[in-house]
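A closer look at the structure
Single-letter residue listing:
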Amino acid sequence: MGTVPSERPTGSETGLSPFLRDVNMENSRKKVGAVLVVGGGIAGMQAALDCANSGFKVYLLEQQPAIGGNMARLDKTFPTNDCAMCMISPKLVETGRHLNIEIITYADLRRIEGEAGDFAVTINKRARFVDEEKCNGCGDCEQVCPVSIKDTFNGELSERKAIYRLYPQAIPNVFTIDKNYAPPPCRGTCPAGVNAQGYVALISKRKFLEALDVVRERMPFAGACGRVCHHPCETECNRAKLDAAVSVRNLKRFVADYEWDLIRRGESVERPPSEIVPPEKQSYTEKVAVVGGGPAGLTCAYDLAKLGYPVTVFDANAELGGMMRTGIPAYRLPREVLDHEIRLMLDEGISVQTGKVLGKDFTVVQLKAQGYESVFVATGAQLAKKIPLEGGDAADVLYGVPFLREVNAGGKPSLGSRVVVIGGGNVATDVARCARRIVGEGAVSLWCLESRPEMPAHDWEIREAEEEGIDIHPSWGPARVVRDNGKVAGIEFVRCTSVFDEDKRFNPVFDTAEKQTVKADTVILAVGQVCDLSFLEGQVQTNRGLIEVDRLTLETSLPGVFAGGDNVLGPASLVEAVEQGHRAAESIHRCLRGLAMREDREPVARPKEFADIPSWAGCACVARNPMPTADLAERATSFTEIDSGYTEEMAVAEALRCLNCGVCSVCRECVRVCKARAIDHHMKDATRHVKVGAIILTNGYDVFDARRKSEYGFGRYPNVVTSMQFERILSASGPYEGHVRRPSDGRVPKRIAWIQCVGSRDVTVGNGYCSSVCCMYATKEAVIAKEHDQNIEPTIFFIDIRAFGKGFEAFYNRAKENYGVRYVRSQISSLKENPENGNIIVRYVNETNGRKQVVEEEFDLVVLSVGLVAHHSIKDLVDIAGITCNTSGFVQGKLPLPLESNREGIFLSGAVSGPKDIPETVMESSAAAALCGELLSAARGTEVRVKEYPVERDVTGEAPRVGVFVCHCGTNIASVVDVAAVSDYVASIPGVVYAEHTVYTCSQDTQERIKEVIRDKKLNRVIVASCTPRTHESLFQETLREAGLNKFLFEMADIREQCSWVHQREPGSATEKAKALVRGSVGKSKLLEPLQFRRVGVTKAALVVGGGIAGMTASLSLARQGFDVHLVERESELGGNLRRLHESLEGYDWRRHLETAIDAVASEERIIVHLGSEIDEVSGFVGNFATRLKGASNAEIKHGVILIATGADEFQPDKFLFGVDDRVLTQRSLDEKLADGFRADTVVMIQCVGSRDAERPYCSRVCCGTAVKNALAIKRKNPGAKVYILYRDIRTYQFKEDYYREARDKGVMFIHFPDDAYPEVTSTGKGLRVAVRDTVLDETIELSADYIVLSAAVVPDKANNRRLAELMKVSVNEDGFFMEAHVKLRPVDFANEGIFVCGLAHSPKYTEENIVQALAAAGRAACILSKPSLEVGGVVSHVDPDKCATCLTCVRECVYNAPFVNADGKAEIEEAKCQGCGNCAAACPAKAIQLRTFTDAQERALFRSILHEEETRSDHMVLADR
Amino acid sequence: MSPGICLFPGCTLEGSAGAFQDSLVRVFQALGVSCETLRDWSCCGATSAHAVDHDLYLALNLRNLAKAQEQGFNEVLAPCAACYHRLASAQLELGKDAALLTRLNAETGLGYNGQVAVRNIVDFLARDVGLDAIAAKVASPLTGLKAVCYYGCLNTRIPHSEPVDDREYPMAMDRIVEALGARALDWSYKTECCGAGLFITNEAVCARLVSRILKDAIARGADCIVVACPMCQNNLDTKQDTIRAAHNLPRPMPVVFVTQLMGLAFGLDESALKLAHSFVPFEFAVK
């Protein structure tokens, strides 16, 4: 539910700040001159910049991997259709480079302790797995990452990699690895920790050898394990929830076979070059003995040999491999696979002694005596388990383990024609299947105690055994062996009714009544394995037939002796044995090196939690690729391998089924290619502690989850998208590269509908408020879509169009009239999909031929204008920051200033306190910076750094000595452009004394290198050929300054964007072009000249024009920030419009506020008030203005900044009997009457009187809220009163919507009339009558009224504003309001530096908004006033007076008013005003103006050198041009 | 299983929607759900009482709920969507307004405590019985059957109540159908009005509304529409021949109760499920 407005705020809840706070007392406490800004969107960046530029250190905290926030996702912005990225990008760069802003990304706020002025903040910096210091953002890692997931930045309409950059312009320009919070099930369940997702991901990209390396990191027997593993990874695979598990085991086998095939064919198995440096192999002297050459023993030996230990493996058998060789039949694991893998391991340098039996040929103690400093005993479980069975102890009854050993050694045991195998495990099935191969079909049966589901053998083993013709008889227990003449003749079975008791212990129960005798001539018992531990001779402790070890380290009771594998675990699987081998090797290494044995080690345990199935994983079923197998008849009679393995295509197809649940697969491809060695997969979260004096929360907003309005089918109908998705669809960097397409089929949509208020103004989803921005962004999206494609027909379905901001109404009108956007006033209740074409059907009420009717219309695409909801991080702020939230989840700001939270020293800006648009957000940020400045003025400048540079070397008179650095940009440039060739070529150009190519020219170490070369080679020009100057020029210029060289002696050639990127397929031409570009830079560089900055002082005083609430607020703030203020008011008293206002819609007492403010101004000694005075003349420029007053005061004032706060007035209507009948009032006079006990029974209010018409096409913004406020006031006094509000659109944005709803609930009648049919007012004998066309009833209705109240427009004093604008060289718009520098990002600045605007002089606003804007102007002004001096000069224009004809072209052309005609009658540029745009230089007909560093001569040299090689070589030709 | 649920049959289940009642009873038996019919129940007031006289409608339902209380139940199951809507709405009103309850108890001479919960059939099956229990009873999975679930306008929309499923795009019946082995298709008309209230009085409007629902079901490739409301079943099924002709629909669309489909998957006797009672025949070869 929305906020409940009926509760009136009490005095104690409302902050009367900034007027009631005792600032002086606060300033006596200790203050920290630093500010924490939480959130790096546009609000956070603006707050950070304003704080940092007014003398405070800033920590900018951002949850995402990069700053930029939601604005970075927008395509264009209303109402100017500026590209959002173009606007935000310079802010990103400025923030990223600021010396006193420290950006902390991918981080969360954890704790705020302390109090205003002195907070201690704890921050958790999440591991991004990429070292921000080392990463250069080259993107090589992104290229090789095999994992693609849905790109949330693009609204999941496209994909991105697991290693990613949020968007191309991201600051910081570094990558982040996206890892799931928990391991994927495949990796988590593998006992040996084999990274299945990693190698599966690599296989999907055909990187088979790299995949094999990932397997081998934890599994040296890739081929064996790929054949026989019981694959718990597949059992838990999340894909099984959709269709079937990924065939992980088969894929592992595939990569092992792939390499082996290459080897057998004699082809190269060399891996691509890698930046991964293998640890240098040591050569340790401590000898290690491994007893037992099975999987555990060999793994241990292999690990230790790789570490550099001399290892000897002892084995009792003639060949290594243990149970893999003696236990597993060859049809499952061909011997050559095993031989190959063991050979590879032994090649690491392992000695082998086969045929050596522990306990017979040697003992453990003897090994120690022989100098083996550590021993690993992994002798396996070699003995068959025996059971008491009548007649079963004779030698002719066989046992499974020795039987398999014999068969696997190539023997052929003599079997009868009826073989009975007893046992239900994997050994039993192996035995049965081997016997079946020896004696043929129909001769072998298998009997076991367990029921079929209980059989311990794997399902597939049982199934394959059955396929091969083996009869399986579950639930039978052997009773006795029947003998005939001493020979086996059969076996008697009794029915087994249960095997396990309630505690799941083995405790078989038989029903002896049911028995049968089976004829047999061979009986093989395969009922288990046990360990032979006799060899230990008591030297090592045992327990229940197993060696007793420390489960973490595998150390036995004998120090230095370790044991593992089956003799510790009991009969276990191959992967478990391998895990034991790794563990033992780790322990032995630690033991021999004297390292802590237990530190950072975990026992084998199933993780508590696995990564869940990813939210984007649809249920597009793709069947598992079956394993091709040998023909049944053939396979059942031979020992050749059954499974023939995947083909490459099958392997890739199968690998592509992986859902990448872990996101990053840790395949380490990124590590392999990262030349900066920036990637660290072991990175951990880190905790930061910072001390700050104030905190600004700018957490921003989330967009409403459209799935919650299920009637619109979002998430089900592909052609229903959210407005944020549509922003991405429009964006050039979006999923369709800026082409408008629809998701279902990529077709260009023609009819597009927008549905407004999705998740806004909707109490059913808990969002009663209006999201404030949707009407305008939908209008903008419709217009931009139309600009993309003229054929598009946009329709916007709305309740009210809320175009209440500056320039919005005009934009809305343009959309209707110029772009043909259709607006339909109808709230859509549900959407249907046409299943034939994916179109969306909208049913709505439409007026056709003057009749309202329900129609259905099909659209190709529907955009849901989703509202703004409280950012998800705000919930945690309640505990962390101790702030409170409103019922909609936004942070509750105090009245009247929503910038103040309820905790002192914590300020708010932007959508954290409620939905709002960008200009308001930017204003709030500047205002919050002003509040920080007030709070911390005593500590201003205490925490900031000022960089000291060495004295610049004087290069005058030196011949050019050019140094060139050509950048590889990782492989970004070097993979296309032959950088070595470019470097060699450049070195041959005359004047170039040094050239080299570097992997990353922007890296820290290269900066040091450049400085060194500048000094050593005495360079006086430096050129970098790399990426774009937009992001990198200032970095290199900085390096020059640090090396004592003037920064304007630098030139940059962009050989990435202009060469390697655009000419990717033509490396030869790209290289030639790169040479030409660098040649051009060399040519230009020779003409570069050092430029100097001049310092001018700043007068630390402000002139504030206008003594209303805006002017007073700005004055007070500046004074409290430590600056002098001259407040000029033309009337004889302060207060302006607020003198006639009593309370706000929210119930705040403006009367009291005004009194307090006037008192505060009076008692503030830094403020000098000039009443009854006006501005007469203004001269000077930023930092140094001089103004003369006229009127009561004619003072001459010197000041550094100007704030314009001249206000506006209420329109005096000329219609509706206003001024004729005194029962016709305006809202302002009603407001005054209400304060004096007004009472009426029937009141009719008419909205938009004087607004939104031909004469004043703008919306006055405050009238709807004021009408609702006054209507509620009338109802409070007289609940029975009838109040009618006749309107065109009700524009109660943000939380004001709650009062609109309250008014309706209380019975205020709202009647909508058409834009072109205003109501008519007549006076009759009985009273006033109003006739109005009601669009809902579609009829004209008549109302009688005691009073008629006109909601009259807000109008500026056009004449006065124009006069002031001329004096100050600023502009006013056509409506007569002052025009700011940029409506979005510079809402209080003018293009002319040092002049600011606030309050009604800027545009119609509510009082609390005027206050915010006044503070914003004060915040911006403080950025200038807090500086000791301003730097002027550098890249500015310069007039050659000899050529100047005083034609005034430059004076008219310049928007900054920099050129003026000086005392000599020649044009001159005021360097303090010049912004270096070059307009005057371009316009000057006499070519008298040159822009420094871009002079005609320099630019000509650049182009000539590019075009004509010889130009560069003959310096005199260029020089002659000067 | 729970101690048992009290069944409020209403006029439909004992009349035109006998198939619903019979299939429901048999499915409950198969699932081991004990279910007892409310004795001495009266009309829920769905057709006109609630629109004409609010107190009368409340009193009618107060009587039904009081009977359930007397008979020892704390829950009433109303399979008919209209009964459910009226009983649940009345319960909601009576449960939160003690003065109203006292007054109506006094006027009717009853002693209802305001504590009997009213349940709908889909929610009861999906949550109380449980999808696992339903899946466990499936003897012949309805593999290959494609169904669209039609919830109608009443079952998910009790004003001012906590929703038991998504009001506009409910899923509970879809999950039941999936548990039976069939495929529940996504479509656009799950909760759209079928116009059953105008079945008699305005045939043309009714036909238009029905045709849109049938059209989408056909276009989605559904084999049948699954319902849990007697009026929906009746309205979508009865006049299909004429509606199909008038609105140019290519094929008939069987309309079955969810309980009939369950019975089929459970392997119950088909004649007892009264599938043949529908106008549009439903034929699905159960394996």
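Residues numbered from 1 in each chain as written. Chains lettered and ligands numbered in written order. Predicted model: local features only at pLDDT ≥ 70, side-chain atom pairs only at ≥ 80, totals over all residues. Heavy atoms only, no water.

**Let's talk about the overall build of chain A**
- In terms of helices and strands, chain A carries 44 helices and 71 strands.
- Seen through its C-alpha atoms, chain A measures out along the principal axes to roughly 135 × 90 × 65 Å.
- Taking as baseline every contact in chain A between residues at least 6 positions apart, the subset at least 24 positions apart corresponds to 71%.
- Surface accessibility of chain A: about 60,000 Å² in total, with carbon and sulfur atoms responsible for 49%.
- If the 185 positive side-chain charges of chain A are averaged to one point and the 207 negative ones to another, these points end up 1 Å apart. (Helix = DSSP H or I, 4+ residues; strand = E, 2+ residues; numbered from the N terminus. Contact = heavy atoms within 4.5 Å. Areas by Shrake-Rupley, 256 points an atom, 1.4 Å probe, with all protein chains shown as cover. Lys, Arg positive; Asp, Glu negative; His and termini not counted. Charge placed at Lys NZ, Arg CZ, Asp CG, Glu CD.)

**Thoughts on helix α21 (residues 648-655) of chain A**
- Every buried residue of α21(A) is accounted for by A:M650, A:A651, A:V652, A:E654 and A:A655.
- On its buried face, α21(A) is in contact with α6 (196-204), α7 (208-218) and α10 (248-264) of chain A. (Buried < 20%, exposed > 50% of the residue type's maximum accessible area, 1.4 Å probe, protein only.)

**Considering the side chain of B:T12**
- Secondary-structure assignment places B:T12 in helix α1 (residues 10-13).
- For B:T12, the contacting residues outside a window of four places in its chain are B:A17, B:G18, B:C80, B:P230 and B:M231.

**Some points on the pattern of salt bridges**
All names here are of chain A.
- Evaluation of the coordinates by the stated rule reveals 136 salt bridges over all chains.
- A salt bridge links E641 to R227; the shortest N-O distance between them is 2.7 Å. Taken together, the residues span a long stretch of sequence, with E641 in the loop between α20 (632-635) and α21 and R227 in helix α8 (residues 222-228) at a distance of 414 residues.
- Connected through shared salt-bridge partners, R332, D430, R433, R437, E461, E464, E467, E468 and R635 make up one network. (Salt bridge = Lys/Arg side-chain N within 4 Å of Asp/Glu carboxyl O.)

**Regarding the state of the cysteines**
- Under the counting rule described, the total for this entry stands at 0 disulfides over all chains.
- Among the cysteines around B:C6, which has no disulfide bond, B:C35 carries the closest sulfur, lying 8.0 Å off. (Disulfide = S-S within 2.5 Å.)

**Re the pairing of strand β47 (residues 1101-1105) of chain A**
Residue and element names in this part refer to chain A.
- The element β47 is largely enclosed, with a buried count of 5 among its 5 residues.
- Of the two faces of β47, the one holding A1101, L1103 and V1105 and the one holding A1102 and V1104 are both buried throughout.
- Here β47 runs beside strand β48 (residues 1124-1129); their pairing, made up of 5 bridges, is parallel. Each bridged residue has a counterpart across the sheet, and for A1101 the counterpart in β48 is D1124.
- Assessed by its sense of winding, the connection that carries the chain from β47 through helix α33 (residues 1109-1120) to β48 is right-handed. (Pairing = 2+ DSSP bridges. Right-handed = clockwise from strand over helix to strand, strands pointing away.)

**With respect to the sheet that holds strand β33 (residues 751-758) of chain A**
All names here are of chain A.
- Spatial ordering of the open sheet is given by β32-β39-β33-β34-β35, a layout of 5 strands whose pairing is parallel. Each edge of the open sheet carries a strand with a single partner, namely β32 (720-722) and β35 (822-825). Across the sheet, the axes of successive neighbouring strands diverge by a mean angle of 25°, strand direction being ignored.
- Two elements, β33 and strand β39 (residues 861-866), share 5 bridges in a ladder whose sense is parallel. Residue A753 lies in a different strand from β39, and its bridge partner there is V862.
- The sheet contacts of helix α24 (residues 774-788) involve β33, β34 (793-798), β35 and β39, and relative to β33 the element is tilted by about 170°. (Axes fitted to C-alpha atoms, helices over the stretch in contact; angles between N-to-C directions.)

**Concerning the packing of aromatic side chains**
Residues and elements named next belong to chain A.
- Applying the stated criterion to the full structure yields 39 aromatic pairs over all chains.
- Centre to centre, the rings of Y1287 and F1310 are 6.4 Å apart; their planes meet at 75°, and the pair counts as edge-to-face. Separated by 23 residues along the polypeptide, Y1287 in strand β57 (residues 1282-1287) and F1310 in strand β58 (residues 1309-1312) bring together distant segments of the chain.
- For Y1287, a relative accessible area of 11% puts it in the buried group. (Phe/Tyr/Trp six-rings, centres within 6.5 Å; stacked < 30°, edge-to-face > 60°.)

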